[in-house]
Amino acid sequence: MKNYYDILGVGKTASEEEIKSAFRKLAHKYHPDKKGGDEAKFKEASEAYAVLSDKKKRAEYDTYGKTFAGGAGSGAGGFGGFDFSGFQNGFGGQGVEFDLGDIFGDVFGGGSARSSSRGRDISIDIELSFRESIFGTERRVLLSKMSTCEECAGSGAKKGSKIVSCNHCNGKGAIKETRNTFFGQFVSSRPCATCRGSGTVPETPCARCRGEGVSKREEEIHAVIPSGIQDGEMIRMPGKGEVARGSSPGDLYIKIHVKQERDFTRDGVNILTTLPIKLSDALLGGEYRIRTLDGEETITITPGILHGDMLRVKGKGVPHGRGSRGDLLVRIAIDIPKKLSKEARALVEKLRAEGI
């Protein structure tokens with residue numbers, strides 16, 4: 001014989017609230033529509049609850065070990081082959097109010113009546129110079145958005161006025177609705193439209209925001225742009241979006257646009273540049289002053305360097321990690337003259353005669 005108390009995991013002296021709470025946990029765990037659910041255990045728990053939540057059936061079960069009206073699992077219809085008709089008696093027949101939205105909310109997409117949506121997210125664009133994208137920078141942006149009302153500090157109430165219980169929902173923040181389905185009679189909740197789920201309203205509304213607690217105004221945002229950011233990246237600033245009454249603020253998203261630099265391009269943590277050199281310096285070697293993002297540097301050209309060779313200037317690239325930086329890679333471009341003077345041509349002819 002089934003022991004309904006053991007099935008729900010409660011003692012024989014358990015209160016109605018303890019039985020209800022135990023069944024809610026098991027229903028969440030074993031509901032067959034959930035991943036990892038167990039239909040057999042769900043039916044078993046439902047049958048146990050239908051008996052133990054009914055005072056008359058529970059008394060019969062405690063006395064005789066069974067109920068003369070039968071358990072909740074004798075039918076063949078309903079959900080997954082289980083007859084939910086017993087729920088009408090088990091949940092409402094003896095004045096026991098049971099909100100199935102609490103149990104099946106995560107299965108069918110429901111939630112708490114007091115839950116509210118976030119404020120609207122905002123997206124803006126910021127343009128940076130190449131240097132700013134490498135070393136980071138700061139921006140102060142003036143946004144016109146829905147923000148917490150400065151007059152009432154978001155309470156929605158006039159200064160000196162009280163916050164009182166909402167008369168429409170009696171301070172519960174939710175309006176309960178009963179509907180009949182093929183499962184039986186279900187009680188669901190929706191947020192109260194008057195207090196928007198908070199359960200309270202201002203006794204005298206704030207004149208500036210008209211009791212909403214939010215108003216549109218300009219707000220300066222201080223954005224810190226990290227070093228090494230790349231073109232097209234997004235920066236998320238939590239809570240800097242718009243504010244909605246009775247909800248958490250949205251986020252601010254900043255899309256970065258990096259202006260092209262004539263002398264530099266980026267390759268990961270390295271920076272690339274090109275250095276044009278004379279043909280004579282390519283043959284004989286020499287020194288050149290080059291521009292970096294940190295200032296000028298002297299670079300040595302070794303004799304016989306080839307067109308396209310790369311020279312590396314360490315630590316002049318993109319900052320990354322803890323104090324580390326990439327390198328500046330200098331691509332050599334040998335400048336071949338298109339026209340030669342008679343003297344220069346004669347010299348080149350001598351070089352060719354020598355096999356150079």
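Note that the coordinates shown come from a computational prediction; the quantities given were computed from them, not determined experimentally.

About the cut-offs
- Residues numbered from 1 in each chain as written.
- Predicted model: local features only at pLDDT ≥ 70, side-chain atom pairs only at ≥ 80, totals over all residues.
- Heavy atoms only, no water.
- Helix = DSSP H or I, 4+ residues; strand = E, 2+ residues; numbered from the N terminus.
- Buried < 20%, exposed > 50% of the residue type's maximum accessible area, 1.4 Å probe, protein only.
- Lys, Arg positive; Asp, Glu negative; His and termini not counted.
- Salt bridge = Lys/Arg side-chain N within 4 Å of Asp/Glu carboxyl O.
- Contact = heavy atoms within 4.5 Å.
- Pairing = 2+ DSSP bridges.
- Axes fitted to C-alpha atoms, helices over the stretch in contact; angles between N-to-C directions.
- Phe/Tyr/Trp six-rings, centres within 6.5 Å; stacked < 30°, edge-to-face > 60°.
- pLDDT = per-residue confidence, 0-100.
- Core = buried A, V, L, I, M, F, W, Y, C linked by side-chain atoms within 4.5 Å.
- Patch = residues over 30% accessible without salt bridge, like charges linked within 9 Å, V, L, I, M, F, W, Y side chains within 5 Å.
- Areas by Shrake-Rupley, 256 points an atom, 1.4 Å probe, with all protein chains shown as cover.
- Disulfide = S-S within 2.5 Å.
- Expected span 1.5 Å × (residues − 1).

1. Comments concerning the side chain of Arg58
Here is step 1 of the chain: With respect to the helices and strands, Arg58 occurs in helix H4 (residues 55-64).
Here is step 2 of the chain: For the buried residue Arg58, which engages in no salt bridge, the nearest side chain bearing the opposite charge is Asp62, 4.1 Å off.
Here is step 3 of the chain: Apart from residues no more than four positions distant in its own chain, Arg58 is found in contact with Tyr5, Lys12, Thr13, Ala14, Ile19, Val51 and Leu52.

2. Some points on the sheet that holds strand S11 (residues 270-278)
Here is step 1 of the chain: Pairing within the open sheet is mixed, and its 4 strands lie in the order S10-S11-S17-S14. Each having just a single partner strand, strand S10 (265-267) and strand S14 (310-313) make up the two edges of the open sheet. Here the strands of the sheet are splayed against their neighbours by 40° on average, with no regard to which way each runs.
Here is step 2 of the chain: Of the strand pairs in this sheet, S11 and strand S17 (residues 328-335) are connected by 8 bridges, and their pairing is parallel. Considered in S17, the bridge of Ile271 is made with Leu328.

3. As for the packing of aromatic side chains
Here is step 1 of the chain: Per the counting criterion, the structure on display carries 4 aromatic pairs.
Here is step 2 of the chain: When the centroid spacing of 4.6 Å and the interplanar angle of 15° are considered together, the rings of Phe23 and Tyr49 count as stacked. In this pair, Phe23 sits in helix H2 (residues 16-30) while Tyr49 sits in helix H3 (residues 39-52), placing the two residues 26 residues apart along the sequence.
Here is step 3 of the chain: Given the relative accessible area of 1%, Phe23 is considered buried.
Here is step 4 of the chain: Here the aromatic rings of Phe130 and Phe264 are separated by 6.4 Å at their centres, their planes lie at 10°, and the arrangement is stacked. Placement of Phe130 in helix H7 (residues 130-135) and of Phe264 in the loop between strand S9 (252-258) and S10 is noted, with a sequence separation of 134 residues between them. The pair Phe130 / Phe264 is uniform in exposure class, with both members buried.
Here is step 5 of the chain: Three or more aromatic residues link up through ring pairs in this structure, and these residues are Tyr4, Tyr5 and Tyr61.

4. Some thoughts on the pairing of strand S13 (residues 295-301)
Here is step 1 of the chain: As judged from the 7 bridges shared by strand S12 (residues 286-292) and S13, these two strands associate in the antiparallel manner. Bridged to Arg289 within S13 is Thr298.
Here is step 2 of the chain: Where S12 folds back onto S13 in an antiparallel hairpin, the turn is made up of 2 residues.

5. Remarks on the confidence of the model for the protein
Here is step 1 of the chain: In the predicted model, the protein carries a mean pLDDT of 82, and 83% of its residues have values of at least 70.
Here is step 2 of the chain: Here helix H5 (residues 85-92) is the element of the protein with the lowest mean pLDDT, 40, and S11 is the one with the highest, 97.
Here is step 3 of the chain: Segment residues 70-116: pLDDT under 50, and 100 contacts once partners within four positions in sequence are set aside and those in other chains are kept.

6. Description of the environment of Arg331
Here is step 1 of the chain: Following the sequence through the fold, Arg331 ends up in strand S17.
Here is step 2 of the chain: Sequence spacing of Arg331 and Leu272 is 59 residues, and the spatial spacing of their C-alpha atoms is 7.4 Å.
Here is step 3 of the chain: If near-sequence neighbours (up to four positions away) are discounted, Arg331 is found in contact with Thr273, Thr274, Leu275, His307, Gly308, Asp309 and Met310.

7. So, the nonpolar core
Here is step 1 of the chain: Formed by 36 residues in total, the largest nonpolar core has its most connected members in Ile254, Ile256, Leu275 and Ile277.
Here is step 2 of the chain: If sequence neighbours within four positions are ignored, Leu275 has contacts with Tyr288, Ile290, Ile299, Ile301, Val330, Arg331, Ile332 and Ala333.
Here is step 3 of the chain: Counting residues in hydrophobic clusters, the runner-up holds 19 residues, among them Ile7, Leu8, Ala14 and Val51.

8. Quick look at a nonpolar patch on the surface
Here is step 1 of the chain: Taken together, the side chains of Leu279, Leu283, Leu284, Ile336, Leu351 and Ile356 present a nonpolar region at the surface, about 590 Å² in accessible area.
Here is step 2 of the chain: Of all the elements, helix H8 (residues 279-284) adds the most residues to the nonpolar patch, at 3 residues.
Here is step 3 of the chain: Position of Leu279 among the secondary structure elements: in helix H8.

9. Topic: the state of the cysteines
Here is step 1 of the chain: By the definition in use, this model includes 0 disulfides.
Here is step 2 of the chain: Cys149 forms no disulfide, and the closest cysteine sulfur to it belongs to Cys152, at a distance of 3.7 Å.
Here is step 3 of the chain: In this structure Cys169 is a free cysteine whose sulfur lies 3.7 Å from that of Cys195, the closest cysteine sulfur available.

10. Quick look at helix H9 (residues 342-353)
Here is step 1 of the chain: Given a rise of 1.5 Å per residue, 12 residues ought to cover 16 Å, and the 16 Å separating the end C-alpha atoms of H9 matches this to within 8%.
Here is step 2 of the chain: By the criterion of burial, H9 is predominantly exposed, with just 0 of the 12 residues buried.
Here is step 3 of the chain: Just beyond H9, the residue with positive phi is Gly355, at close to 85°.

11. Concerning H2
Turn by turn, an α-helix covers 3.6 residues, leaving residues three or four places apart pointing in a common direction.
Here is step 1 of the chain: Across its 15 residues, H2 extends 21 Å between first and last C-alpha, which sits within 8% of the 21 Å expected from 1.5 Å per residue.
Here is step 2 of the chain: Along H2, the residues that are buried comprise Ile19, Lys20, Ala22, Phe23, Arg24, Leu26, Ala27 and Tyr30.

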